[in-house]
Amino acid sequence: MFTRILGITLLFWLLCTSKTIHAQTPLNNKYEFRNGFYASLEDLKKDAPSYKLKSIPNFSYEADSEHNILILTESSLKALEQSPIGSVDRLWGICIKDEPYIKIRPKSDEAEVFFVKLHVLGKLSFFYYRTFKDVEIVMDIYNPYTGEKVAEKAITNREPILVEQLMDFETGELYPYTTDVFKTQIQGDSDLKETVDAMSQTELKEKMFKTLLIYNDRNPVYLPK
């Protein structure tokens, strides 16, 4: 009798465990998120959009050639302000065609805002975008007749730059995509950390993206599905 009860209990536990496993899906680039507006990373982790795309009438956007950057049209931004969302500032991100885009405001003191696709999805997610950086240059001014330097003038040039960042999917913290930061972020995986520490700086730069993918495979994040 006791053996029979133990067997039933064990079967019940296995069934419950199986349901729990199947109720979760590992996060990777094959994961299809629900389309919509996400007010927070927590909503994205639950795969539960805060607002549907159709909550904005005639919702539209423009994308770059890679579909890496989305920019909402002026009409959509105005419709956002008149919707329950209220403002683009209240959004964390957006999902279009099952892919998540994080909101980026390159400069906190400017109105420019766009959405960047999470290029790598996992415990350490990765994204990149191109923007401009103001660089001050000091120019010498010369007397056109004597050729003698008479003054200096500071001018500001806007130079194109590539921004690459890592995002801790559990906390939402953003970090620059550098070798030093990468080493710090994978501290919890001692075996992989040992392999990375054995690499030269040049080798790690060449293999860091591939190593990032390996780290995410070895340290999966699960989402409900």
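The structure under discussion appears in the preceding block.
Presented here is an overview of the structure given in this document. Only a predicted model underlies this, so the values are computations on that prediction, with no experimental measurement involved. (Residues numbered from 1 in each chain as written. Predicted model: local features only at pLDDT ≥ 70, side-chain atom pairs only at ≥ 80, totals over all residues. Heavy atoms only, no water.)

1. Section: the packing of aromatic side chains
When we look at a pair of aromatic rings, we describe it by the centre distance and by the angle of the planes.
Line of reasoning, step 1. On inspection of all chains with the given rule, the structure shows eight aromatic pairs.
Line of reasoning, step 2. Note on F127 and Y129: the rings are 6.4 Å apart at their centroids and 10° apart in plane angle, and the pair reads as stacked. The exposure classification of F127 matches that of Y129, with both residues buried.
Line of reasoning, step 3. Connected via pairs of aromatic rings, a cluster forms that spans F126, Y128, Y177 and F209. (Phe/Tyr/Trp six-rings, centres within 6.5 Å; stacked < 30°, edge-to-face > 60°. Buried < 20%, exposed > 50% of the residue type's maximum accessible area, 1.4 Å probe, protein only.)

2. Description of helix α5 (residues 190-197)
Line of reasoning, step 1. Of all the residues in α5, the buried ones are L192, K193 and V196. The arc that holds every buried residue of α5, seen down its axis, measures 100°, which confines them to one face. Exposed and facing more than 90 degrees away from the buried side of α5 are S190 and E194.
Line of reasoning, step 2. Contacts from the buried residues of α5 go to α4 (179-185) and α6 (201-218). (Helix = DSSP H or I, 4+ residues; strand = E, 2+ residues; numbered from the N terminus. Arc of directions from axis to C-beta. Contact = heavy atoms within 4.5 Å.)

3. So, unusual backbone geometry
A negative phi holds for most residues other than glycine; trans holds for most peptide bonds.
Line of reasoning, step 1. The phi angle at N58 is positive, at roughly 55°, despite the residue not being glycine.
Line of reasoning, step 2. Residue placement: N58 occurs in the loop between α2 (41-45) and β3 (61-63).
Line of reasoning, step 3. The phi dihedral of K97 is positive, around 55°, even though this residue is not glycine.
Line of reasoning, step 4. Mapped onto the elements, K97 comes out in the loop between β5 (93-96) and β6 (99-104).

4. Points about the side chain of K117
Line of reasoning, step 1. Mapping K117 onto the fold places it in strand β7 (residues 114-117).
Line of reasoning, step 2. Given the relative accessible area of 15%, K117 is considered buried.
Line of reasoning, step 3. K117 has contacts with E66, H67, N68, E99, P100, Y101 and F127, leaving out every residue within four places of it along the chain.

5. Quick word on the sheet that holds strand β4 (residues 69-72)
Sheet strands pair by backbone hydrogen bonding; their relative direction is either parallel or antiparallel.
Line of reasoning, step 1. The antiparallel open sheet is built from six strands, whose spatial order is β2-β5-β6-β7-β4-β3. Strands at the two margins of the open sheet, each flanked by one partner only, are β2 (36-38) and β3. The sheet shows a mean angle of 30° between the axes of neighbouring strands, taken without regard to direction. (Pairing = 2+ DSSP bridges. Axes fitted to C-alpha atoms, helices over the stretch in contact; angles between N-to-C directions.)

6. Digging into the pairing of β6
Line of reasoning, step 1. Across the six residues that make up β6, a large majority, five, are buried.
Line of reasoning, step 2. Note: β5 against β6, four bridges, orientation antiparallel. When the sheet's bridge partners are listed, I96 is paired in β6 with E99.
Line of reasoning, step 3. Count of turn residues in the β5/β6 antiparallel hairpin: two residues, of which K97 carries a positive phi of about 55°.
Line of reasoning, step 4. One ladder, built from four bridges, connects β6 with β7; its direction is antiparallel.

7. Digging into the side chain of S125
Line of reasoning, step 1. Tracing the backbone through its elements, the reader meets S125 in strand β8 (residues 124-142).
Line of reasoning, step 2. For S125, a relative accessible area of 0% corresponds to the buried category.
Line of reasoning, step 3. Of the polar contacts made by the side chain of S125, one reaches the backbone oxygen of G122; its length is 3.0 Å.
Line of reasoning, step 4. Not counting residues within four places of it along the chain, the set of residues in contact with S125 comprises V120, Q165, L166, M167 and F169. (Polar contact = N/O pair within 3.5 Å; in protein donor to acceptor, adjacent residues only side chain to side chain.)

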